[in-house]
Amino acid sequence: MNPIGDLTRAWRGLVLTASGKPEAAAQFNPTPMGLAVALGWFLLAIILSAAAQSAAMGLPSAMQLLIGIFIQAVSVAALGLVTAQSFHFLRLGVAMTTLFVPIVWFMALVQVLAIPLSILGPNAQLIAVLALVALIWRAGVVLAGMRTGVAIAFALLCLMVLVVVPNALYIVFLQIPSPA
């Protein structure tokens, strides 16, 4: 296990996936350890993003940071469930981690790429979300062998999960009274 090497291969895999090259699959480690490394980098990307946003808006409290990480964790878990159920329904004949590990990597890399966009405003970060959806679509075609229409539907399903779950959880957490 070499997390730095995995990061380098993930960048290469992102480029190969975006360009539609089937050798992109060899850049990702679709094992539980590969998923753990990708999740670790995703956590680091979330913390870096929070640090960058705090430079513009002030430091969040530790509780706000923990709630944000919890919400992201639930979102990733829901995305994993959606991916697993989609693979089961579609009977693709490949392991769910074949696509889920690259998606987690793409989420981490796009999170980092979105940091400069946060300077332009919250609506500019929509570009990063759309880039992530495009990468999920390409990964569905290139890595999982989905037909184009199926991959587009899968990417849109992932978009719904990545938008609805965090927003719903933020609304729930807003209902909890502050201890102050």
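Residues numbered from 1 in each chain as written. Predicted model: local features only at pLDDT ≥ 70, side-chain atom pairs only at ≥ 80, totals over all residues. Heavy atoms only, no water.

## Here's the deal with unusual backbone geometry
Then step 1. Despite not being glycine, Arg91 shows a phi value in the positive range, around 50 degrees.
Then step 2. Topologically, Arg91 is positioned in the loop between α3 (62-90) and α4 (97-120).
Then step 3. Relative accessible area serves as the criterion here: at 73%, Arg91 is assigned to the exposed category. (Helix = DSSP H or I, 4+ residues; strand = E, 2+ residues; numbered from the N terminus. Buried < 20%, exposed > 50% of the residue type's maximum accessible area, 1.4 Å probe, protein only.)

## Some thoughts on the layout of surface pockets
The gaps left among the atoms become clear once a water-sized probe is rolled over them.
Then step 1. Of the pockets and cavities examined, the largest pocket occupies roughly 1,600 Å³.
Then step 2. When residues in the lining of the largest pocket are grouped by element, the largest group, 9 residues, is from helix α2 (residues 32-57).
Then step 3. Residue composition of the lining of the largest pocket, grouped by class: 32 nonpolar, 15 polar and no charged. (1 Å grid on protein atoms, 1.4 Å probe; cavity = no way out; pocket = protein on both sides within 12 Å on 5 of 7 lines; lining within 4 Å. Points joined across faces, edges and corners; volume = space filled by probe spheres on them. Nonpolar A, V, L, I, M, F, W, Y, C, P; charged D, E, K, R; others polar.)

## Details of a nonpolar patch on the surface
Then step 1. On the surface, Leu126, Val129, Leu130, Met160, Val163 and Val164 cluster together into a nonpolar patch covering about 520 Å² of accessible area.
Then step 2. Secondary structure elements with two or more residues in the nonpolar patch: α5 (126-142) and α6 (148-174).
Then step 3. You can see Leu130 is positioned in helix α5. (Patch = residues over 30% accessible without salt bridge, like charges linked within 9 Å, V, L, I, M, F, W, Y side chains within 5 Å. Areas by Shrake-Rupley, 256 points an atom, 1.4 Å probe, with all protein chains shown as cover. Salt bridge = Lys/Arg side-chain N within 4 Å of Asp/Glu carboxyl O.)

## Points about the confidence of the model for the protein chain
Then step 1. Taken residue by residue, the protein chain gives an average pLDDT of 88. The fraction at 70 or more is 97%.
Then step 2. Averaged pLDDT values over the elements of the protein chain bottom out at 86 in α2 and peak at 92 in α5. (pLDDT = per-residue confidence, 0-100.)

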